[in-house]
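Residue strings, one per chain:
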Amino acid sequence: DLEIAIKSSFAKVVIVGNGAVGKSSMIQRYCKGIFTKDYKKTIGVDFMERQIELEGEEVRLMLWDTAGQEEFDAITKAYYRGAQACVVAFSTTDRASFLAVKRWKKKVEDECGDIPMVLVQNKIDLIDEAAILNEEAEALARELGLRLYRTSVKEDLNVEQVFSYLAALYIAEL
Ligand code: GDP
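Throughout what follows, the structure given in this document is the object of discussion.

Scoring rules and cut-offs
- Residues numbered from 1 in each chain as written.
- Predicted model: local features only at pLDDT ≥ 70, side-chain atom pairs only at ≥ 80, totals over all residues.
- Heavy atoms only, no water.
- Axes fitted to C-alpha atoms, helices over the stretch in contact; angles between N-to-C directions.
- Helix = DSSP H or I, 4+ residues; strand = E, 2+ residues; numbered from the N terminus.
- Parallel < 35°, antiparallel > 145°, perpendicular 65-115°, else oblique.
- Left-handed = near helix turned anticlockwise from the far one by under 90°.
- Contact = heavy atoms within 4.5 Å.
- Buried < 20%, exposed > 50% of the residue type's maximum accessible area, 1.4 Å probe, protein only.
- Pairing = 2+ DSSP bridges.
- Arc of directions from axis to C-beta.
- 1 Å grid on protein atoms, 1.4 Å probe; cavity = no way out; pocket = protein on both sides within 12 Å on 5 of 7 lines; lining within 4 Å.
- Points joined across faces, edges and corners; volume = space filled by probe spheres on them.
- Near = heavy atom within 4 Å.
- Polar contact = N/O pair within 3.5 Å; in protein donor to acceptor, adjacent residues only side chain to side chain.
- Areas by Shrake-Rupley, 256 points an atom, 1.4 Å probe, with all protein chains shown as cover.
- Core = buried A, V, L, I, M, F, W, Y, C linked by side-chain atoms within 4.5 Å.
- Phe/Tyr/Trp six-rings, centres within 6.5 Å; stacked < 30°, edge-to-face > 60°.
- Lys NZ or Arg CZ within 6 Å of the ring centre and 35° of its normal.

Here we take up the packing of helix H4 (residues 101–112) against helix H5 (residues 134–144). Two elements in contact, H4 and H5, have axes whose closest approach is 11 Å; the angle formed by their N-to-C orientations is 25 degrees. Looking at the two axes, H4 sits roughly parallel to H5. Both H4 and H5 take part in a crossing whose hand is right-handed. Of the residues in H5, those in contact with Val101, Lys102 and Lys105 of H4 are Leu140, Glu143 and Leu144.

What follows is the structure, encoded as structure tokens:
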């Protein structure tokens, strides 16, 4: 008898970064395939999920939204608890969100330890309003030892890649 065993695992993924960088939109885009400009965060919905298959492994990514608690210390411990992977996001048009990346990374490490992490520069469609040079973003990624993805949730650029990469890192650690 041949048994095909398919490992199925769950991964809690937290998405951190300053307010309005596009975290909720990214979750919506990845899990529902849509972009809405005036998407209001639904209080009470903790996460959305999507199942993907990578190298014969099925992984269910549960993407946790901060539900509007972006203020650095307002995010509860429950949000971070058990997180197995993390996206640190900033916006092309928001310099403060770029400068906050280090603090977000440290916060996640303090709460979750050394988990797979990726750096995301969102809103690359707003190139005319860019507040960060490409070289600066690359230098930060190098310094932090993170891979950098440039995304537009609006135009659906590179969003799939972010989560495939994260899932691959996660699987490699199983
Ligand atoms: P959050 O506070 O980090 O969860 O950010 P939101 O997901 O609420 O997004 C903040 C605003 O930025 C919303 O108006 C989104 O529609 C918009 N937004 C998100 N991603 C993009 C993007 O890639 N390009 C553009 N132009 N707008 C975006």
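In terms of burial, strand E5 (residues 117–122) is largely enclosed, as six of its six residues are buried. The two faces of E5 match: Met117, Leu119 and Gln121 on one face and Val118, Val120 and Asn122 on the other face are all buried. Pairing of strand E4 (residues 85–91) with E5 involves six bridges; the strand directions are parallel. Directly across from alanine 89, in E5, lies its bridge partner valine 120.

Residues of H5 that are buried: Ala137, Leu140, Ala141 and Leu144. Buried residues of H5 fall within an arc of 100 degrees about the axis and therefore sit on the same side. The exposed set on the far side of H5, more than 90 degrees from its buried face, consists of Glu135, Arg142 and Glu143.

In this structure, the second largest pocket occupies an estimated 170 Å³ of space. Around the second largest pocket, the lining comprises 13 residues; the ones closest to its centre are Asp114, Ile115, Pro116, Met117 and Leu146. Secondary-structure elements contributing two or more residues to the lining of the second largest pocket are H4 and helix H6 (159–173). With three residues, H6 is the largest single contributor of residues to the lining of the second largest pocket.

A separate point is the site of the ligand. Taken together, 20 residues surround the ligand, and among them Ala20, Lys23, Ser24, Ser25 and Asp125 come closest. Note that an oxygen atom of the ligand is positioned 2.6 Å from one of the side-chain N or O atoms of serine 25. A distance of 2.9 Å separates an oxygen atom of the ligand from a polar atom in the backbone of valine 153. For the ligand, whose accessible area on its own is 580 Å², the fraction buried by protein is 87%. Top contributing element to the shell around the ligand by residue count: helix H1 (residues 23–32), with three residues.

Counting residues in each nonpolar core, the largest one holds 55 residues, and the members touching the most others are Leu61, Leu63, Val87, Leu119 and Phe163. Among the elements that take part in this core, H6 stands out by supplying eight residues, more than any other.

What follows deals with the packing of aromatic side chains. Considering all chains together, one arrives at five aromatic pairs under this definition. An angle of 75 degrees between the planes, with centres 5.4 Å apart, marks the rings of tyrosine 79 and tyrosine 80 as edge-to-face. Take tyrosine 79 and tyrosine 80: they sit in the same class, and that class is buried. A ring pair is formed by tyrosine 149 and tyrosine 165, whose centres lie 5.7 Å apart and whose planes are at 50 degrees; its orientation type is tilted. Residue tyrosine 149 is found in strand E6 (residues 148–150), and its partner tyrosine 165 is found in helix H6; the two are separated by 16 residues along the sequence. The class for tyrosine 149 is buried, based on a relative accessible area of 12%. Positioned above the aromatic ring of tryptophan 64, the side-chain terminus of lysine 12 is 4.0 Å from the ring centre.

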